[in-house]
Amino acid sequence: MERKELINGGKVKSVYNTTDEDKVIIEFRDDMTAGDGERKEVMNKKGCLNAVISSKIFQYLESKGIKTQFIELLENNVMLAQKLDMIPIEVIVRNIATGSLVRKYPIEDGTKLDPPIVQMDYKDDEFHDPMLNYSIIKALGIATQDEIDILVELAGKVNDALREFFDQAGIILVDFKIEFGRDEEGNIILGDEISPDSCRLWDKETLEMMDKELFRKGKDDEVMDAYLEVYNRVLSDDDKS
Ligand code: C5P
């Protein structure tokens, strides 16, 4: 599959058209950003770790009946994926209160959230990803009511599957962000990535952070060791060979 022109140069990934118009190539770069892209560093091997972890997770979700855009990993940091019309909504699921939730609302950090919170933010750095509600989504014209209902339902299913997936690796899934797109027929498909960049992950025993929050807190020298630990725990020996 040949790479054609760049169609989306994101903060940490580049998406290219391919010789097959239904498919895209997603390159996971080594860039790491925080604060809507205000802080940026290059972290060696980050692209590979995230692409491989994401691929493993997407294949696991497919095995649970959740459709994803993942087709195959072409190189360690390059994914072949189904081309989607991406919806500019970040769907965030929270199992434990932390991060922006406890900064904005009177909820104590670490509170278990049962049922989990499903939140939607408008994906736009210029506006700092403001939180959406149904009326705002409709006013912006970015999704229909039926699509919103599907996003919420799928977010719950992804959460149930991922909690189990990470639990088996001795990891607590605190919260995460996912993105969806539409295929040619208008079906809603899970896209983008699911990795330590987009999830908060805590070690089940020590509650130590194993995700991008370390970078957000300025612990840059610990970040890649944490990502590598996630990689080692969620990938089998067969996956790694
Ligand atoms: O910062 P906040 O608490 O809202 O983040 C919730 C979850 O969504 C975290 O797992 C974070 O990594 C993820 N997130 C993301 N991309 C964003 C905003 C949040 O991956 N732009």
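Residues numbered from 1 in each chain as written. Predicted model: local features only at pLDDT ≥ 70, side-chain atom pairs only at ≥ 80, totals over all residues. Heavy atoms only, no water.

This next bit is on the side chain of threonine 68. Within the secondary structure, threonine 68 sits in the loop between α1 (46–63) and β6 (70–75). Classification of threonine 68 by relative accessible area gives buried; the value is 5%. Only 3.2 Å separates the side chain of threonine 68 from the backbone nitrogen of phenylalanine 70, close enough to count as a polar contact. In this structure threonine 68 touches Phe58, Leu61, Glu62, Gln82, Ile189 and Leu190, once residues within four positions along its chain are discounted. (Helix = DSSP H or I, 4+ residues; strand = E, 2+ residues; numbered from the N terminus. Buried < 20%, exposed > 50% of the residue type's maximum accessible area, 1.4 Å probe, protein only. Polar contact = N/O pair within 3.5 Å; in protein donor to acceptor, adjacent residues only side chain to side chain. Contact = heavy atoms within 4.5 Å.)

The next point concerns the site of the ligand. Taken together, 15 residues form the shell around the ligand, and within it Arg94, Ser100, Asp175, Arg200 and Arg216 come nearest. With respect to the ligand, the side chain of glutamate 90 contributes an N or O atom lying 3.1 Å from a nitrogen atom. Serine 100 places a polar side-chain atom, nitrogen or oxygen, 2.5 Å from an oxygen atom of the ligand. Considering the ligand on its own, with 450 Å² of exposed area, one finds that the protein chains cover 84% of that surface. The cavity that encloses the ligand is the largest pocket. Looking at the shell around the ligand, the elements that each hand over two or more residues are β9 (89–96), β11 (171–182) and β13 (199–203). Residue classes in the shell around the ligand are distributed as 3 nonpolar, 4 polar and 8 charged. (Near = heavy atom within 4 Å. Areas by Shrake-Rupley, 256 points an atom, 1.4 Å probe, with all protein chains shown as cover. 1 Å grid on protein atoms, 1.4 Å probe; cavity = no way out; pocket = protein on both sides within 12 Å on 5 of 7 lines; lining within 4 Å. Sits in = over half its atoms within 2 Å of the grid points. Nonpolar A, V, L, I, M, F, W, Y, C, P; charged D, E, K, R; others polar.)

The subject of this paragraph is the domain arrangement of the protein chain. With domains assigned, the protein chain is organised as domain 1 (3–82) and domain 2 (85–221). Its C-alpha centre places domain 1 at a distance of 17 Å from the equivalent point of domain 2. Each side of the interface is counted separately: domain 1 has 27 residues, and domain 2 has 26 residues. A per-residue breakdown of the area domain 1 buries against domain 2 is headed by Asp36, Ile57 and Tyr60, which together make up 22% of the total. In this structure, lysine 11 and aspartate 125 form a salt bridge, with 2.8 Å as the shortest nitrogen-oxygen distance. At the surface where domain 1 touches domain 2, the tally comes to 15 residue pairs in polar contact (both at pLDDT 80 or more). Those elements that provide at least two residues to the side of domain 1 that touches domain 2 are β4 (31–34), β5 (39–42) and α1. For the side of domain 1 that touches domain 2, the leading source of residues is α1, giving 9 residues. (Domains from an automatic or database assignment. Buried area = accessible area lost by both parts, 1.4 Å probe. Salt bridge = Lys/Arg side-chain N within 4 Å of Asp/Glu carboxyl O.)

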